[in-house]
Structures are given as structure tokens and as C-alpha cells.
Amino acid sequence: MGKTKKKIKNLTQALNIPQDVTNGATIITIVGKTEVIVENYRGIIEYNDKKIKIGTRNGNIEFEGERFLIEYYTDDEMKISGKICEIKYS
Amino acid sequence: MQRLIKYLKGYLILYIKGFSAERFLNLCINRDIFIWDLESCDNGFRFKVSLKDFKRLRPIAKKTKTRPKIIKKYGLPFQLHRYKHRKAYAIGLIIAIVTLYGFSLFLWNISVTGTSIYTPENIIQFLKEENVYAGIKKNKINCAELEKKILYNFQDVAWVSLEVSGTRLIVNIIETNEHPDLVKDDTACDIVSLKPGIITKIVTRKGTPMIKIGDVVKQDDVLLSGTVNIETDGVITGIKYVHADADVYAKTVLQYTNTVPLDYEQKVYSNKKTKTYGMFFGDYKLYLFHPKIKYKNYESEANIKQFKLWGDYYLPIGINTKEYIDYDIVRKTYSEEEVTFLLNDTLNKYIETLEKKGVQIIENNVKITLDNKNAIAKGNLILIENIGYAKEIEIIEWRPPTNESN
């Protein structure tokens with residue numbers, strides 16, 4: 001399993017194919033200081049107004065800040081607004 | 001736009017609490033349930049979900065052992081639900097719309113503009129005889145045909161247009177002093193004299209003149225013939241009929257008499273009035289009260305105010321007021337000066353109307369005489385006016401004279 005994953009990774013790098021298509025990599029678009037749009041994720045693991053933890057295929061992403069609000073939440077995209085202080089990958 | 005759609009479909013604000021609240025949300029996403037404005041509060045979440053999706057939440061709630069609590073409902077479906085028990089309200093609204101639409105299919109008001117010789121009442125009366133009156137269906141009105149009928153029946157109308165605007169029929173009339181030719185331009189006609197007179201001027205445009213300047217003509221004499229003989233070498237070989245067209249001016253005599261009695265009655269209005277109000281629906285009038293009139297003599301004046309929706313959308317209902325005005329009769333006698341002034345004034349007004357018609361007045365020998373009871377203005381007016389009018393010819397097939405009879 002690990003081998004095929006690595007092979008795919010190498011192949012996409014060689015062919016310049018976007019990683020989110022082949023690898024399911026998460027796309028995070030940050031607009032200014034107050035808006036984040038997240039694509040390609042599995043779901044919310046933890047959520048309160050100071051912290052949002054999102055589970056993805058390649059580990060978790062944690063946003064820390066203040067007054068978080070999820071404006072919309074669908075199968076492949078979510079929009080978070082609020083004051084963002086930190087983004088952590090784990 | 002999106003907000004409007006959301007409003008029309010209806011949505012709810014829900015609150016969920018519990019250990020597996022996040023799981024609940026993830027399950028919602030897996031089942032394609034759209035969630036928006038998700039915020040955390042009081043150890044739980046508050047979010048909005050559409051009414052359609054809300055019904056699908058129940059199995060998820062069961063699975064995650066959470067209980068979504070409805071905080072608020074928004075949107076049209078909920079409002080409609082609230083009005084469900086007010087059936088009379090809904091029925092009333094529908095009836096109001098239907099009746100308004102129904103009313104707009106009918107004609108409720110006729111207005112006539114541009115009349116001076118005829119009164120608007122004349123035209124409305126005529127239209128009523130033609131079955132066009134306030135209260136008929138709009139699609140029964142044939143404007144073009146009515147226009148023709150008005151032109152035919154009212155001699156002094158030069159041009160008329162009928163227009164249905166909203167629930168109102170607008171009749172536009174332009175009056176003329178010349179008789180419009182009732183004979184079409186392309187049919188053969190003669191010019192015939194309207195009254196007796198001495199010809200002073202002939203302007204021929206088409207046709208054969210039968211008279212010269214200075215001729216004395218009687219009524220219905222042919223002035224210009226529309227029959228043109230075709231001659232070759234002095235022998236008539238054929239007849240051509242044309243539409244004779246000419247202005248024939250003649251000196252005519254008009255007898256004028258106007259008698260005014262010296263004793264007359266004058267109304268002296270006191271300021272006493274009694275008013276009553278009412279409503280009308282179509283032809284049906286209803287007064288709120290009928291006042292007792294103590295006046296010996298009185299005039300009554302009625303006013304109607306018809307309601308309209310907007311612009312020309314008149315409704316068959318309105319308010320009418322009736323006013324009774326008290327007056328006294330005072331017997332008076334004209335002095336000589338007063339009566340002369342009165343008679344001269346009416347004569348001058350009469351001459352003015354004649355001149356407006358294009359008639360020239362060359363002599364005026366009206367004299368005023370007074371006897372015991374009356375003042376009389378009497379005399380002749382000598383005028384120069386256009387006396388010709390078109391009259392259709394019956395076409396007789398012309399045959400060249402044959403020699404067989406000889």
C-alpha cells in the first residue's frame with residue numbers, strides 16, 4: 001500500500017498533475033484574516049468557537065482563532081469565518 | 001436571490017448538544033444534507049437546515065443519540081401553516097382578486113371630449129341606442145363600426161375616435177361647421193344647392209358647372225354636374241361620371257326673429273342648502289337619508305364621483321351627493337335699455353357662431369321693436385355662404401343614339 005502511494009506521488013510530480021486530484025490532498029484557501037475555504041476533507045473532528053479540527057486523508061488540520069462560524073458545510077467544501085490565529089497540521 | 005429561495009422553501013434553526021454532535025454533522029454531510037451558518041454555543045451547535053432536509057435528520061439523530069431542538073422556524077411554508085385556520089381570510093382575498101378581475105372585463109365609464117354643438121349626453125344617449133353603455137362587456141364594443149355610425153348620424157362631426165382604455169370608453173370628437181361629404185371620394189356625384197340664393201363665386205375642381213355667377217338658384221338645384229359628356233366632332237359619343245368637387249358661394253337671406261317677454265321671473269338664491277349623501281352601484285342609487293325639504297322652490301343638484309383603481313380603471317361604484325338649493329321667485333320687468341342690450345347681445349352671439357362656420361355677413365337689418373308685453377328683434381341677415389353639397393348620382397347606362405327609330 002505504501003509503495004503504490006509513493007509511486008502515485010512520484011508519477012504526479014513527474015507529470016505535473018495537481019495533487020488534489022490524484023492524492024486527495026486538502027486545499028485550503030485563506031481570504032484575508034477572516035475567511036477560510038477548505039476542500040477535500042473527511043469531516044469535522046472537533047468544533048467550538050475557538051478551535052476547529054478537520055480530518056483529512058493525510059492527517060488532521062487544526063485552526064485556532066476566535067469566533068469561528070461555519071457558513072456552509074457540504075460534502076466537498078466548507079467555509080469558515082472568524083478571526084484566524086494559527087493553522088496546524090498534525 | 002438565494003435568500004429568497006431559502007425563504008420560499010423554509011428553513012429552521014436547530015440546536016444540538018451532546019458528545020457525538022460532530023458525528024451528527026459528519027453524517028449529515030455524508031447524506032447530502034446541506035447545513036449552513038454553523039456556530040458553536042453552550043457546548044453544542046446551532047445551525048440552519050432547510051425544511052426538506054429536516055425530515056431526513058430523524059434517522060441520523062437516532063443513530064447518534066442526539067436530539068435536535070428547534071429554536072426557530074423561518075419561511076413561507078411555516079407562515080402559510082399559521083394562516084391555515086384563517087380560511088375566511090383566504091377566501092376573501094381570492095374573491096377580491098376575482099371580482100376585481102371580473103370588473104375589469106366590463107365597461108364602467110364613458111367620457112366624451114371635444115363636443116360643443118352636441119353635449120356629451122347626446123353622444124352617450126346615441127351610444128346607448130347602439131347598445132353601448134356603462135356595464136357591458138368590453139369585447140362587445142366594435143370601435144370602428146361605432147365611429148362610422150357616429151359620423152353618419154351626427155352631421156357636424158368631422159372626426160371621431162373611440163378608444164377603450166382600462167374600464168373606460170373615451171370618445172374623442174372634433175366638430176366641424178362644414179358638412180362632411182358623406183359621399184365617398186371615388187363615387188360619382190353632383191353638387192346640389194342646400195338653399196336658395198344668388199351665386200357669387202364658383203371654385204370648380206371637378207365637374208361641369210351648370211350655373212354662372214349671378215344666377216338665382218332654388219333649393220336642390222344641381223349646381224355642378226358630375227356627368228361629363230365625351231364629344232368627338234360635336235357629337236356625344238359617351239358619358240363619364242366623375243366626383244364633382246367645388247365650392248359654390250351664394251348670397252342667401254336668413255330670417256331672424258327673437259322675442260323676449262318684458263316681464264320675467266328671476267331666481268334669487270338664499271344661502272340655504274340641504275345635502276344628502278349616498279352610494280351607487282351601476283344604475284342602482286342608494287341615499288343614506290332623505291331630507292325633508294321645507295323650501296317652497298328649490299333646485300336639486302346631483303354630483304357623482306366614481307371610484308377608480310388607477311388611471312382609467314373605473315369601478316361601477318361611487319359616491320353621489322345631492323344638494324337642494326332654496327330660491328325665491330322675484331317678478332321683474334325689463335327696462336328698454338336692458339332689453340335692447342339683451343337682444344343685441346344674443347344677436348351678436350348668433351352672428352359670431354355664423355362667422356365661425358365660415359359664413360360672411362354682408363347685411364344686417366335686424367330692428368328691435370317694443371310692444372306692451374314683448375320686445376322683438378326681427379329682420380333679415382344677408383349672408384354669403386357655401387351652399388353646395390355632394391349628392392350621389394344614379395348611374396344610368398348610356399347608349400349612343402341609334403338611327404333605327406328614325
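Before any of the text, the structure's been laid out above.
Definitions and limits used
- Residues numbered from 1 in each chain as written.
- Chains lettered and ligands numbered in written order.
- Predicted model: local features only at pLDDT ≥ 70, side-chain atom pairs only at ≥ 80, totals over all residues.
- Heavy atoms only, no water.
- Contact = heavy atoms within 4.5 Å.
- Buried area = accessible area lost by both parts, 1.4 Å probe.
- Salt bridge = Lys/Arg side-chain N within 4 Å of Asp/Glu carboxyl O.
- Polar contact = N/O pair within 3.5 Å; in protein donor to acceptor, adjacent residues only side chain to side chain.
- Helix = DSSP H or I, 4+ residues; strand = E, 2+ residues; numbered from the N terminus.
- Nonpolar A, V, L, I, M, F, W, Y, C, P; charged D, E, K, R; others polar.
- Pairing = 2+ DSSP bridges.
- Axes fitted to C-alpha atoms, helices over the stretch in contact; angles between N-to-C directions.
- Phe/Tyr/Trp six-rings, centres within 6.5 Å; stacked < 30°, edge-to-face > 60°.
- Buried < 20%, exposed > 50% of the residue type's maximum accessible area, 1.4 Å probe, protein only.
- Lys NZ or Arg CZ within 6 Å of the ring centre and 35° of its normal.

Draft legend 1. Representation of the interface of chain A and chain B within the structure. Contacts between the two partners involve 14 residues from chain A, matched on the other side by 15 residues from chain B. Interface area lost by chain A to chain B is led by Tyr47, Tyr73 and Asp75 of chain A, which between them contribute 46%. Across the chain A-chain B interface, the total number found is 0 salt bridges. Remark: the boundary between chain A and chain B carries 10 residue pairs in polar contact (both at pLDDT 80 or more). Only strand 3 (43-48) and strand 5 (59-73) of chain A provide two or more residues apiece to the side of chain A that touches chain B. Looking at the side of chain A that touches chain B residue by residue, the classes come out as 7 nonpolar, 3 polar and 4 charged. Examined bridge by bridge, strand 5 of chain A and strand 2 (residues 35-41) of chain B share 4 bridges and lie antiparallel to one another. Each residue of the ladder has a partner; that of tyrosine 72 of chain A, found in strand 2 of chain B, is tryptophan 36 of chain B.

Draft legend 2. Quick look at the sheet that holds strand 18 (residues 297-308) of chain B. Residue and element names in this part refer to chain B. Here 4 strands make up an open sheet; going across it, the order is 17-16-19-18 and the pairing antiparallel. Bordering the open sheet on either side are strand 17 (284-287) and strand 18, each of which pairs with just one other strand. The sheet shows a mean angle of 40° between the axes of neighbouring strands, direction not considered. In this structure, strand 16 (residues 263-281) lies alongside strand 17, joined through 4 bridges in antiparallel fashion. Among the inter-strand pairings, phenylalanine 280 is bridged to a residue of strand 17, identified as lysine 285.

Draft legend 3. Highlighting the packing of aromatic side chains. Residue and element names in this part refer to chain B. Inspection of the entire model under this criterion finds 14 aromatic pairs over all chains. With centroids separated by 4.8 Å and ring planes inclined at 80°, the aromatic side chains of tyrosine 118 and phenylalanine 154 adopt a geometry described as edge-to-face. Within this pair, whereas tyrosine 118 is found in the loop between strand 5 (109-113) and helix 7 (120-129), its partner phenylalanine 154 is found in the loop between helix 8 (143-153) and strand 6 (157-165), the two being separated by 36 residues in sequence. Summarising the burial analysis for this pair, tyrosine 118 and phenylalanine 154 share the class buried. An aromatic cluster of three or more residues is present, and its members are Tyr11, Phe34, Trp36 and Tyr74. Sitting over the face of the ring of tryptophan 36, lysine 6 holds its NZ or CZ atom 4.4 Å from the ring centroid. Sitting above the plane of the tyrosine 327 ring, lysine 267 keeps its charged end 5.0 Å from the centroid.

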